[in-house]
Amino acid sequence: MYDERLAAFSRDRLDGRPIPDDLRVLLIAQWEGRTDLARLLGLEFFEPGEVHPLLDTSYLTPQELADPELRAVNAAAAEMAGHVKLVAKGGKGWLGYWLHPGEPADRPWRLVELDTEFSFWRPAGRTLAEGAAADRAAYQDEPDERIAFARLAADLTALGLPLSTRDYDALDDTEYEVDPERLMEELTEAAREKHGLG
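Residues numbered from 1 in each chain as written. Predicted model: local features only at pLDDT ≥ 70, side-chain atom pairs only at ≥ 80, totals over all residues. Heavy atoms only, no water.

**Observations regarding the pattern of salt bridges**
Right, so step 1: Applying the stated criterion across every chain, the model contains 15 salt bridges.
Right, so step 2: Here D36 makes a salt bridge to R34, at a shortest N to O gap of 3.6 Å.
Right, so step 3: A single network of salt bridges, built from pairs that share partners, joins D15, R17 and K85. (Salt bridge = Lys/Arg side-chain N within 4 Å of Asp/Glu carboxyl O.)

Take a look at the structure:
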């Protein structure tokens, strides 16, 4: 029933890669109008045609677009968009996957979060649902994020989206092989030099 929409989402957001199981469940829930999962995780998934945040320059004035420094930043951001596959709004800004070719192919996709200042963050967890739950746990009424995460994990399991663990301390927090923040800086500097700003 949702095969065409899932295929379109995969093309638009993941360059045609297979959609991870938890993302599939979350997307279908959103399309069915079920808000329970998205509310728990604080996520809203991109609709067709929404511009990738790293490519969106609509908020800039013509003067800003012509500024050599901003042109360098925008050039670097456009290159980063090839590796940063954002699928949802939430958290500090947007959440998705870090799919740089320098990352090992034999492990799950690494999560990445982009904030509104173009800073990159590494969420804990092996799946989008785990990363979003870990992020949300820090903002619950419960002062201990470990307890808050365990409760969120139990609620998600009850709604048909089990996580690999209910133990906050057991969440995967493997470092990136290629750090997005450092790569963005390197690409920006290369673009600055290209525009004669070195």
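From this point, the narrative continues.
**Quick look at the nonpolar core**
Right, so step 1: Judged by nonpolar contacts, the single largest core of 35 residues is most densely connected at L23, L41, F45, V87 and L128.
Right, so step 2: Of all elements in the fold, only helix 1 (3–14), helix 2 (21–31), helix 3 (36–41), strand 2 (84–90), strand 3 (93–98), helix 6 (128–137) and helix 7 (145–158) reach the threshold of two or more residues within this core.
Right, so step 3: Top contributing element to this core by residue count: helix 6, with 6 residues.
Right, so step 4: Leaving out residues up to four positions away in the same chain, V87 has contacts with F9, R13, L14, L23, F45, F46, L95, G96, Y97 and L128. (Core = buried A, V, L, I, M, F, W, Y, C linked by side-chain atoms within 4.5 Å. Buried < 20%, exposed > 50% of the residue type's maximum accessible area, 1.4 Å probe, protein only. Helix = DSSP H or I, 4+ residues; strand = E, 2+ residues; numbered from the N terminus. Contact = heavy atoms within 4.5 Å.)

**A look at the packing of helix 5 (residues 68–80) against helix 8 (residues 180–194)**
Right, so step 1: Where helix 5 meets helix 8, the closest approach of the two axes is 8 Å, and the angle between their N-to-C directions is 135°. Accordingly, the angle class assigned to the pair helix 5 and helix 8 is oblique. In the packing of helix 5 onto helix 8, the handedness of the crossing is right-handed. Of the residues in helix 8, those touching helix 5 at E69, A72, V73, A75, A76, A77, E79 and M80 are P180, L183, M184, L187, T188, A191 and R192.
Right, so step 2: A per-class count over the contact of helix 5 with helix 8 returns 11 nonpolar, 1 polar and 3 charged. (Axes fitted to C-alpha atoms, helices over the stretch in contact; angles between N-to-C directions. Parallel < 35°, antiparallel > 145°, perpendicular 65-115°, else oblique. Left-handed = near helix turned anticlockwise from the far one by under 90°. Nonpolar A, V, L, I, M, F, W, Y, C, P; charged D, E, K, R; others polar.)

**Digging into the side chain of D22**
Right, so step 1: Inspection of the secondary structure puts D22 in helix 2.
Right, so step 2: R24 provides the closest opposite charge to the buried, unpaired D22, separated from it by 9.1 Å.
Right, so step 3: Separated by 2.8 Å, the side chain of D22 and the backbone nitrogen of A129 make a polar contact. (Lys, Arg positive; Asp, Glu negative; His and termini not counted. Polar contact = N/O pair within 3.5 Å; in protein donor to acceptor, adjacent residues only side chain to side chain.)

**Topic: the pairing of strand 4 (residues 110–115)**
Right, so step 1: Counted residue by residue, strand 4 has 6 buried out of 6 residues, so it is predominantly covered.
Right, so step 2: Two strands pair when backbone bridges link them, and strand 3 and strand 4 are joined in this way by 6 bridges, in the antiparallel orientation. Bridged to W98 within strand 4 is R110.
Right, so step 3: With 2 bridges connecting them, strand 4 and strand 5 (residues 120–121) associate as antiparallel partners. (Pairing = 2+ DSSP bridges.)

**Topic: helix 2**
Right, so step 1: The complete set of buried residues in helix 2 reads D22, L23, L26, L27, A29, Q30 and W31.
Right, so step 2: The positive-phi residue at the C-terminal boundary of helix 2 is G33, with phi of around 80°.

**Here we look at helix 7**
Right, so step 1: Given a rise of 1.5 Å per residue, 14 residues ought to cover 20 Å, and the 20 Å separating the end C-alpha atoms of helix 7 matches this to within 8%.
Right, so step 2: In this structure, the buried residues of helix 7 make contact with helix 3 and helix 6.
Right, so step 3: Sitting at the amino-terminal end of helix 7 is D144, which places a side-chain oxygen 2.8 Å from the backbone nitrogen of R146. (Expected span 1.5 Å × (residues − 1).)

**Quick word on unusual backbone geometry**
Right, so step 1: Positive phi values are uncommon outside glycine, yet D15 reaches one of about 55°.
Right, so step 2: Mapped onto the fold, D15 is located in the loop between helix 1 and helix 2.

**Digging into the packing of aromatic side chains**
Right, so step 1: Counted according to the given criterion, the structure contains 4 aromatic pairs.
Right, so step 2: Their ring planes at 35° and their centres at 5.8 Å tell us that Y2 and W31 sit as a pair that is tilted. With a gap of 29 residues between them, Y2 in the segment before helix 1 and W31 in helix 2 connect regions that are remote in the sequence. Judged on exposure class, the residue Y2 and its partner W31 are both buried.
Right, so step 3: Each ring, one from F149 and one from Y168, has its centre 5.8 Å from the other, and the planes form 70°; the classification is edge-to-face. Taken together, the positions of F149 in helix 7 and Y168 in the loop between helix 7 and helix 8 put the pair 19 residues apart, joining distant regions of the chain. (Phe/Tyr/Trp six-rings, centres within 6.5 Å; stacked < 30°, edge-to-face > 60°.)

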